[in-house]
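Coordinate analysis (summary)
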Amino acid sequence: MTSIVFTGIAELVTNDSLLEGADHSESLGLLAEAAVVVEDGLIAWVGPAAQAPPADGQQDVGGRAVIPGFVDSHSHLVFAGDRSREFAARMTGVRYDGGGISATVSATRSAGDDELRGLLAARVAEMRAQGTSTVEIKSGYGLNVQDEVRALRIAAEFTSETTFLGAHVVPPEFADRRSDYVDLVIGEMLAACAPHARWIDVFCEPNSPHAFTEDEARLVLSAGRDAGLGLRLHGNQLGHGPGVRLAVELGAASVDHCTFLSAEDVAQLAAAADSTVATLLPGVEFSTRSPYPDARHLLDAGVSVALATDCNPGTCYSSSIPFVLALAVREMGMTPAEALFAATAGSAKALRRGDIGVIRVGNRSDLTVVEAPSYMHLFYRPGVPIARSLDPAGRHRR
Ligand SMILES: [Zn+2]
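Residues numbered from 1 in each chain as written. Predicted model: local features only at pLDDT ≥ 70, side-chain atom pairs only at ≥ 80, totals over all residues.

1. Remarks on the overall build of the chain
- Across its full length, the chain carries 13 helices and 15 strands.
- In summary, the chain has a C-alpha radius of gyration of 21 Å against a globular reference of 21 Å for 398 residues, a match within 12%.
- Here the C-alpha coordinates of the chain stretch approximately 70 × 45 × 45 Å along the principal axes.
- Within the chain, counting contacts between residues at least 6 apart in sequence, those at least 24 apart form 70% of the total. (Helix = DSSP H or I, 4+ residues; strand = E, 2+ residues; numbered from the N terminus. Rg over C-alpha atoms; globule rule 2.2 N^0.38 Å. Contact = placed C-beta atoms within 7 Å.)

2. Observations concerning the pairing of strand β2 (residues 30-39)
- With seven of its ten residues buried, β2 lies for the most part within the structure.
- Pairing of strand β1 (residues 3-13) with β2, which is carried by eight bridges, proceeds in the antiparallel orientation. In the sheet register, Phe6 faces β2, and the bridge partner there is Val36.
- Pairing geometry for β2 and strand β3 (residues 42-48), over six bridges, is antiparallel. Residue pairing for β3: Val38 is matched across the bridge by Ile43.
- Between β2 and β3, which pair antiparallel in sequence order, lie two residues; one of them, Asp40, sits at a positive phi of approximately 50°. (Buried ≥ 20, exposed ≤ 12 C-beta atoms within 10 Å, placed from the backbone. Pairing = 2+ DSSP bridges.)

3. Regarding the nonpolar core
- Counting 125 residues, the largest nonpolar core has Val36 and Leu325 as the members making the most contacts within it.
- Inspection of this core shows a minimum of three residues originating in each of domain 1 (3-68 + 358-389) and domain 2 (70-350).
- If we ignore the near neighbours within four places in the chain, the residues touching Val36 are Phe6, Ile9, Leu12, Ile43, Val46, Val66, Ile359 and Leu367. (Core = buried A, V, L, I, M, F, W, Y, C linked by C-beta atoms within 7 Å. Domains from an automatic or database assignment.)

4. Remarks on the sheet that holds β1
- One open sheet holds the six strands; their spatial order is β3-β2-β1-β4-β14-β15, and the pairing between them is mixed. Pairing within the sheet leaves two strands with one partner each, and these edge strands are β3 and β15 (387-389). Across the sheet, the axes of successive neighbouring strands diverge by a mean angle of 40°, strand direction being ignored. (Axes fitted to C-alpha atoms, helices over the stretch in contact; angles between N-to-C directions.)

Shown next, in the form of structure tokens:
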């Protein structure tokens with residue numbers, strides 16, 4: 001057992017509402033001139049630097065801010081191919097309708113295991129270099145039994161938060177046989193994928209001809225639940241629809257996008273705030289030139305809100321939580337404190353994880369350092385790479 005005490009923390013964001021002596025004026029549980037002791041990958045002590053207990057080693061972070069590692073609770077990182085031309089077309093006015101996903105499906109099916117693994121490793125490393133310590137990774141570019149299982153197996157080498165998304169879109173070969181594809185997803189494909197997944201997800205979007213209806217989505221999620229998987233849902237992205245209603249009805253951990261919501265949707269999310277999180281993905285609205293979700297309205301109504309990247313080759317090829325934070329504050333009316341909480345403790349809640357997102361004794365020692373004396377610089381200096389994960393050995397990575 002080796003312990004390390006981190007000192008020289010000018011400002012520590014804990015998200016711990018019970019931490020004695022912290023500033024609780026916002027949700028961040030801020031502690032000035034703090035120290036954190038880490039032992040065997042867990043947090044062993046948090047408090048004022050002057051009271052820090054001795055440890056086997058010491059690391060001075062040099063007057064910087066430390067925050068909980070970002071939790072990116074929504075990504076699609078297992079893919080091959082390039083859709084930059086589709087992005088360019090959208091920037092000149094072509095609308096997104098979910099159709100480009102099939103281009104990624106054919107590139108991903110053609111890629112070898114090592115190629116996919118290498119691409120995924122590079123994307124996860126890119127996230128860590130920007131301060132993300134936990135990432136959820138979905139399948140959904142295989143869309144047949146063999147390639148969905150392969151995506152999940154490779155994703156599981158990098159995270160325990162793997163999500164089976166066989167119901168991403170109806171693949172072209174099933175275009176005239178939608179119900180046959182749903183039967184495959186909830187039958188043979190689910191049986192093969194469930195051992196490699198923690199979650200099941202579905203793109204429930206009646207406004208896209210490629211995605212799934214309310215009835216189809218209910219079938220998929222119910223079958224996933226019966227197979228022991230937790231539930232997530234892509235909903236209300238392209239227009240008003242049944243996604244939020246279905247997520248709340250089935251007790252999903254998260255309903256993601258939430259761009260187009262009715263008053264009834266917001267009321268349902270507020271009533272379900274303990275169990276179902278609204279995960280906002282503003283990088284998608286940025287990259288598809290769409291209106292942003294009304295985060296201010298959701299927060300004021302009492303909805304649990306998370307922020308994530310949705311990093312994917314079509315609608316948002318950014319792995320950067322700091323970019324998402326900047327959008328949340330600049331475009332969606334969130335305060336910096338609300339945005340940072342949503343991308344750490346909020347997204348941990350969206351994954352039903354109590355051991356990450358909050359810096360408290362017993363939790364995982366996922367710490368991110370900010371090259372500045374205050375977390376506020378994450379917002380004050382958009383586009384500047386000032387957040388990075390501390391590695392598990394506790395060294396301050398440069
Ligand atoms: Zn997504």
